[in-house]
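Structure assessment
The chain contents come next:
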Amino acid sequence: MIIAITALKGGVGKTTTAVHLAAYLQTLSPTLLIDADKNRSALVWSKEDKLPFYVASQAGSPALIKKFTHIIIDTQARPEPEELADLAEGSDLLILPTTPNPLDLDTTVKAIELLEPLKVNYKVLLTKVDSRTTNGRDARKFLEEAKLPMFRVDIPLLVAFQRSPGKGVIVKDYPDPRAPLGWSKYVSVGKEIIK
Ligand SMILES: Nc1ncnc2c1ncn2[C@@H]1O[C@H](COP(=O)(O)OP(=O)(O)O)[C@@H](O)[C@H]1O
Ligand SMILES: [Mg+2]
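It should be emphasised that the depicted structure is a prediction, and the values quoted were computed from it without experimental measurement.

Overview of the nonpolar core
- Ala18, Val19, Leu21, Ala22, Leu33, Ile72 and Leu94 are the most contacted members of the largest nonpolar core, which has 57 residues in total.
- A total of seven residues in this core trace back to one element, the largest contributor, which is helix 1 (residues 14–26).
- For Leu94, the contacting residues outside a window of four places in its chain are Ala4, Thr6, Leu87, Ala88, Leu115, Val120 and Tyr122.

Structure representation (structure tokens):
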């Protein structure tokens, strides 16, 4: 399966989602993460060789693709609408992470307006949800009213997610009492995709 993680904004958890979803899919079948972001965030994250799956640059990926069952594409901060269309065409599923922040939600609705005529399979993932507020619930309600397909689980706002890239590990391998909760949410997302 080819899954592209995209959004019209940076900082919404694309790379975090790409890395953790790749880690989950790798537990099922060989999975390749293609870092298509000029900032090479996923490649930097993988530098210490502690991620449980293979990460390649876009340039390095063509020769590798056929060796993997699942391909996750992490995309750049602000894709042009044309790039979004290209991604849609080449993927089985587009995942659009968004935080509950109203501006991010608005951008997500705009992205989906661009995707709608392309007949692509897409799903919105709420990320960085602070459980101490009702922001997550409010955002879910807003997205449901807009009739956007959403993952059943939200990704919580956790310090472990912020800190694990600095250690070159996924959240599952980061020593923090709440890290297993974060990992379990991405496992749920993965199970929703691969039924
Ligand atoms: N669930 C989360 N909880 C806390 N921090 C997060 C979470 N997801 C992402 N982050 C942090 O937010 C910032 C942006 O996330 P990132 O995955 O790099 O987004 P993008 O790839 O969309 O720019 C990073 O510092 C990352 O560590
Ligand atoms: Mg990124």
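Examining helix 3 (residues 81–90)
- Listed as buried for helix 3 are Leu84, Leu87 and Ala88. For helix 3, the angular spread of the buried residues around the axis is 100°, confining them to a single face. Turned more than 90 degrees away from the buried face of helix 3 sit Glu82, Glu89 and Gly90, all of them exposed.
- Lining the buried residues of helix 3 we find strand 1 (2–5), strand 5 (93–98) and helix 4 (102–115).

Some remarks on unusual backbone geometry
- Even without glycine at this site, Arg40 takes up a positive phi of about 55°.
- Within the secondary structure layout, Arg40 lies in the loop between strand 2 (31–35) and helix 2 (41–45).
- By C-beta crowding, Arg40 is classed as partly exposed, having 17 other C-beta atoms within 10 Å.
- Unusually for a residue other than glycine, Lys147 sits at a positive phi of about 60°.
- Summarising the element assignment, Lys147 is placed in the loop between helix 5 (135–145) and helix 6 (159–167).

Quick look at the site of ligand 1
- Taken together, 17 residues surround ligand 1, and among them Gly13, Lys14, Thr15, Thr16 and Phe161 come closest.
- Of all the secondary structure elements, the ones that give two or more residues to the shell around ligand 1 are helix 1 and helix 6.
- A class-by-class count of the residues in the shell around ligand 1 yields seven nonpolar, eight polar and two charged.

A few points about helix 6
- Residues Ala160, Phe161 and Ser164 constitute the buried set of helix 6. Angularly, the buried residues of helix 6 cover 95° about the axis, an arc narrow enough to put them on a single face. Across from the buried face of helix 6, at angles greater than 90 degrees, the exposed residues are Val159 and Gly166.
- Along its buried surface, helix 6 packs onto helix 1 and helix 7 (179–193).
- Positive phi shows up at Gly168, right after helix 6, with a value of about 75°.

Conventions used here
- Residues numbered from 1 in each chain as written.
- Chains lettered and ligands numbered in written order.
- Predicted model: local features only at pLDDT ≥ 70, side-chain atom pairs only at ≥ 80, totals over all residues.
- Core = buried A, V, L, I, M, F, W, Y, C linked by C-beta atoms within 7 Å.
- Buried ≥ 20, exposed ≤ 12 C-beta atoms within 10 Å, placed from the backbone.
- Helix = DSSP H or I, 4+ residues; strand = E, 2+ residues; numbered from the N terminus.
- Contact = placed C-beta atoms within 7 Å.
- Arc of directions from axis to C-beta.
- Near = placed C-beta within 6 Å.
- Nonpolar A, V, L, I, M, F, W, Y, C, P; charged D, E, K, R; others polar.

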